[in-house]
Each structure stands twice: as C-alpha cells, then as structure tokens.
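Summary of structural features
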Amino acid sequence: MSIGFSKRHVISMRDFSRDEIDYILAEAERLEPYAHHGKTSDVLDGKILANLFFEPSTRTRLSFETAMKRLGGEVLNVSSTEGSSMAKGETLADTVRVISGYCDVIVLRHPKDGAARMAANCSDVSVINAGDGTGHHPTQTLLDLYAIRKEASLDGLSIALVGDLKYGRTVHSLAYALTLYGAKIYLVSPEELRMPDSIKKDLNDLGACLEETSNINDVIGGVSVLYMTRIQKERFMDPVEYDKVAGSYRITADMLKDAGDDMVIMHPLPRVDEIAPDVDETKHAVYFRQSFYGVPVRMAVLSLLIGSEQ
Amino acid sequence: MNGSFVGGNVMNVKGEMRIKGIENGTVIDHIKSGQALNVLRILGISSKSAEVLSIAMNVPSKLTHKKDIVKVEGRELSPSEVNKIALITPDATINIVRDSKVIEKHKVSLPNEITGVLRCANANCISNTSEPVKPRFIISKEPPVKLRCFYCDRLMVEDVVEHLLF
C-alpha cells in the first residue's frame, strides 16, 4: 500500500487516519537502521529543514536535526523570538512566509495553540508542528505509538496517562491517537489537572474508552503501559499545593511490585522528579529508548513529506 | 393565535399593524425569541449601518409560542450572509421582498464553516492574538452540531452567543 504524503502538513493527529499512522510507523521501522551510527542514506540530499523554535526544546529540535542529517539533508535553526525579526514586531505569519522561501520543510514550535495551522496556511512548503502551546505535538505522538508498538503492543492496549492532563499537549494528542486503536485509557491526575471537558467530550464522541482516577496505585497492576508526564510547578499558585500533588504522582521502584512483568513505563521527558532514578534500572523503564525512537519516526515523516521518492 | 405575519406586516390580535411591511429588502422571520439583536450582531448590522431596520421581539407565534422578526429595508441578504445566523436560530426563515411581494423564501441552513463571527473560547489560540488571522470554525452538522476552531482544534462547548465577535 502506498499513501501520498508529499507536500502535506503535519499539524494534528486528527489529520491522519489509522492506516496513515500505520504507514508512517512502518516507514520508521524501515529507516531505524539508518538512525543509528553507521548505515547512511542520502534520500534528502540537497533538502533544507528550517527549525523555528519559539519555545525551549532539546529532544524535539535535536532529533529533527539528527533525522534530517541522517538522511543527508541540511538544517537551519531559529531558536528564539529574540534572535529573529519577530523581536522587531514581525508577525509569525510573515516570518513563515519568508522562511518558506529558504527551505523545503519547516518545523515549528510556538507558545500559541493553533500557531502551526496558521503557519501552514502561510507557507509554500510543508509545516510540521513540533508543539503549539497546549495544543498538539503530532510527531511526539507518532514516536509514542512507535515506542508502544516496539516495547508493548498497540493491540488490546491498556494504558494509564498520568500527571498533568490539563496542560500537557502530548497526552491530548496521544489520547486521540490511542482512541483510533481502541485502547482502554485511564486518566490519572489530581483534580486540578484533569483532562479538559472539551477534549474528553471529543474523545467520547469518537468512541474512546476512558476512566478517570486520582490514585496512581489504582492502575499500576492492571495496565500494560504507564505513561508518566511532568507536573509543571508554574501551574500552581501555591507552592505547598504543588509539593503535595507532585509527591503523590512520583513513581519509585518499590511501587512497581504489583506491576505486570511486561508493563512498561514511558515519559516524553524531560522528567523532574515524577520517576525516581531507581526506576531506570528496572525492566519497566523504556523512556530513554522512547526518546531515541524520535529519530527514526522523524526520519520517516521527513522522507515521506519531502523525499525524492515521493 | 395572538398575532400574524401578513405580507411583511406584523399584526396584533385586533388586526392593528405592529410593524409595517417593507417594499424591498429582507425579512428574517421565526427567529428564536430574544435573539433578534444577536442576529444583527452576526450580520454585522450596527447603529453605524445605513440600512433601515425594523425589529420585533417576543411576537406571538403559532409554531413556537414567541418569536422575533428582523426586517432590513433596501438590502437583499444572500444565503451565505444569512446562513450564519443558523448558529443561534436554526429555524429562522429568510424572505426576500421586492415590490412588497415575497419573491423568495427559504429556511436558514448551517454553512460548513464560518469565519470572523465567533471568537475562539481558547484564550491561548493564535486567532486571539495580533496575528493577521480571522477566527474560523469548522462546523460538523451531524446532531449534535459541533464547532471546532480551525486553528487550535478546540471544540466549542460554551454557548456561542457568549463568543460573538461583535
């Protein structure tokens, strides 16, 4: 089966069917040997990627850069508002119009929800959303799905999304995609960081199988994937309240006694203290491999969008 | 029946005229009671507009007990202009009047998308910034009707009237 991706934008998981997602994941599998040292490819030779990052990023920006270079392409970087003409008052729309003339694909991270969709409307080249405010981060979702496929299974999946489900964009996109796979999804968060009603309604309308709880111990023994997220201190007015909440969503090796043998713990990283270092040594920890999978998945996305084979 | 809408005239029980019919223009009838002023907001008609307007609110109605009516003189509103009001009053009807005769009558129907009418309820949406974009919503007409922000994907779960731009 061949699916046309050429010149498309990657803004939200909503833009992709399950068949298309499976196709991207299969392409990532094919390209994974090239994501390691050694095997080389020149499929994107002569192509230029522009990284436009108006918010901090390490993994996403560097893995896009690595993915592009592993496929023989080149990278331009704009990494803050201060370092660009936006500091002079230029709109994002104008910035994107100009930069789309300098490159073959734009990777954009921006603090405003919907910024990537707007950018796509202004751009002559494909735009990949690398995180827009509390909105979407589709390539993170794709790499999460890839990690689940590699480390657990997407069939009959039972997964707990833990932590900040209100502002965490990775869990919003992931919950949507998992609904396409018929997963049982446990939403584990403190009351004040529950998944927004508008998103739950949306997921329920799509037939999602959701269950909410505040207690992480309710789910550890029954899920095949525990997907941890960082609880952001800046979301709390009262630091004491933050400490109370953050402490109750911290996983330690001791807490994993009742976990199934095959249960895996994922995290989009960076972590702060929601996963204790002693968990790293357990068989359940896959978050560092998960982070690596960002390279083959982004290689797949780039080669499908701008590869000469298309 | 406590009142009637005859040839553009709105009559009371005694047959006295409440609002005179118009010679040429558009009569929007069967507006949900209390929504006439919001209909004008959606149509972009304000105190600065030049059109001669008649507004009747809470007029007795056979079908809905009470309704509002808006008459715009000298301007024939196109379906694309008027269909936007289906967001707040899906049963409204549009009557195009020429030489005091109704020459065209149809019910409003929701468009597939609307631009520049509603503000996205997500304060962090790019459409609520100084970027050169008008708020745009994709409408899913399958009941229950859903509005999704084109930019941030957020589903509008609030009362749309609270988010009218004007």
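Residues numbered from 1 in each chain as written. Chains lettered and ligands numbered in written order. Predicted model: local features only at pLDDT ≥ 70, side-chain atom pairs only at ≥ 80, totals over all residues. Heavy atoms only, no water.

Before going further, it helps to examine the interface of chain A and chain B. At the junction of the two partners, chain A supplies 21 residues and chain B supplies 18 residues. Surface buried jointly by chain A and chain B totals about 1600 Å² across both partners, of which 52% is contributed by carbon and sulfur atoms. Where chain A touches chain B, the interface holds 4 salt bridges. Salt-bridge contacts for lysine 146 of chain B lead to aspartate 205 of chain A; the nearest nitrogen and oxygen are separated by 3.0 Å. At the junction of chain A with chain B, the criterion picks out 12 residue pairs in polar contact (both at pLDDT 80 or more). For the side of chain A that touches chain B, the secondary-structure elements that each account for two or more residues are α3 (92-99), α4 (115-122) and α7 (197-205) of chain A. Residues belonging to the side of chain A that touches chain B are distributed by class as follows: 5 nonpolar, 9 polar and 7 charged. (Contact = heavy atoms within 4.5 Å. Buried area = accessible area lost by both parts, 1.4 Å probe. Salt bridge = Lys/Arg side-chain N within 4 Å of Asp/Glu carboxyl O. Polar contact = N/O pair within 3.5 Å; in protein donor to acceptor, adjacent residues only side chain to side chain. Helix = DSSP H or I, 4+ residues; strand = E, 2+ residues; numbered from the N terminus. Nonpolar A, V, L, I, M, F, W, Y, C, P; charged D, E, K, R; others polar.)

The subject of this paragraph is the sheet that holds strand β8 (residues 101-107) of chain B. Working definition: the strands of a sheet are paired by backbone hydrogen bonds and lie parallel or antiparallel to each other. All names here are of chain B. Read across the open sheet, the 5 strands follow the order β5-β6-β4-β7-β8; overall the sheet is antiparallel. For this open sheet the edge positions go to β5 (52-61) and β8, each flanked by a neighbour on one side alone. Here the average twist between neighbouring strands, direction ignored, is 20 degrees. When β5 meets strand β6 (residues 65-73), the two strands line up antiparallel, connected through 8 bridges. Its bridge partner being in β6, valine 59 is matched across the sheet by lysine 67. Contacting β4 (25-32), β5 and β6, helix α1 (residues 36-43) crosses the sheet at an angle of about 145 degrees to β5. (Pairing = 2+ DSSP bridges. Axes fitted to C-alpha atoms, helices over the stretch in contact; angles between N-to-C directions.)

A few words on the pattern of salt bridges. For the coordinates displayed, the defined rule picks out 29 salt bridges over all chains. As a salt-bridge pair, glutamate 29 of chain A and arginine 149 of chain A come within 3.4 Å of each other at their nearest N and O atoms. Of this pair, glutamate 29 of chain A sits in helix α1 (residues 18-35) while arginine 149 of chain A sits in helix α5 (residues 138-151), placing them 120 residues apart in sequence. A relative accessible area of 35% places glutamate 29 of chain A in the partly exposed class. With a closest N to O distance of 3.1 Å, lysine 69 of chain A and glutamate 65 of chain A form a salt bridge. Highlighted residues: lysine 69 of chain A and glutamate 65 of chain A, both in helix α2 (residues 59-70), separated by 4 residues, approximately one helical turn. Lysine 69 of chain A sits in the partly exposed class, given a relative accessible area of 48%. Because the salt bridges share partners, they merge into one network encompassing Arg14, Asp15, Arg117 and Asp202 of chain A together with Arg148 and Asp153 of chain B. (Buried < 20%, exposed > 50% of the residue type's maximum accessible area, 1.4 Å probe, protein only.)

All names here are of chain A. Taken in spatial order, the 5 strands line up as β7-β6-β5-β8-β9 in an open sheet, and their pairing is parallel. This sheet does not close on itself; its edge strands, each paired only once, are β7 (209-213) and β9 (264-266). Recorded for the sheet is a direction-independent mean angle of 20 degrees between the axes of neighbouring strands. Across 4 bridges, the pairing between strand β5 (residues 158-162) and strand β8 (residues 225-228) is parallel. Within β8, the position partnered with leucine 161 by the bridge is tyrosine 227. Strands β5, β8 and β9 of the sheet are contacted by α5, whose axis makes an angle of about 165 degrees with β9. Along the sheet, helix α6 (residues 169-180) makes contact with β5, β6 (184-188) and β8, crossing β5 at roughly 165 degrees.

Now for the nonpolar core. One finds Ile128, Leu145, Ile159, Leu161, Leu178 and Leu302 of chain A to be the most contacted residues of the largest nonpolar core, which totals 65 residues. For this core, the element with the most residues is helix α10 (residues 294-306) of chain A, which contributes 9 residues. When residues of this core are assigned to domains, at least three map to each of domain 1 (13-136 + 294-306) and domain 2 (138-291) of chain A. In this structure isoleucine 128 of chain A touches Val10, Phe64, Val105, Ile106, Val107, Leu108, Thr139, Val301, Leu302 and Leu305 of chain A, once residues within four positions along its chain are discounted. Membership of the second largest hydrophobic core comes to 58 residues, among which are Val125 of chain A together with Ile28, Val133 and Cys152 of chain B. (Core = buried A, V, L, I, M, F, W, Y, C linked by side-chain atoms within 4.5 Å. Domains from an automatic or database assignment.)

Let us now look at the domain arrangement of chain A. Residues and elements named next belong to chain A. What the domain assignment lists for chain A is domain 1 (13-136 + 294-306) and domain 2 (138-291). Summarising the inter-unit geometry, the C-alpha centres of domain 1 and domain 2 are found 25 Å apart. Contacts between the two partners involve 30 residues from domain 1 and, on the opposite side, 26 residues from domain 2. Roughly 2500 Å² of surface becomes buried between domain 1 and domain 2 when both sides are summed, with 56% attributable to carbon and sulfur atoms. Seen at the junction of domain 1 and domain 2, the total is 4 salt bridges. Glutamate 32 serves as the salt-bridge partner of lysine 150, at 3.0 Å between the closest nitrogen and oxygen. The interface formed by domain 1 and domain 2 contains 10 residue pairs in polar contact (both at pLDDT 80 or more). At the level of elements, α1, α2, β4 (126-132) and α10 are the ones that each hand at least two residues to the side of domain 1 that touches domain 2. Among the elements that take part in the side of domain 1 that touches domain 2, α1 stands out by supplying 9 residues, more than any other. Residue composition of the side of domain 1 that touches domain 2, grouped by class: 12 nonpolar, 8 polar and 10 charged.

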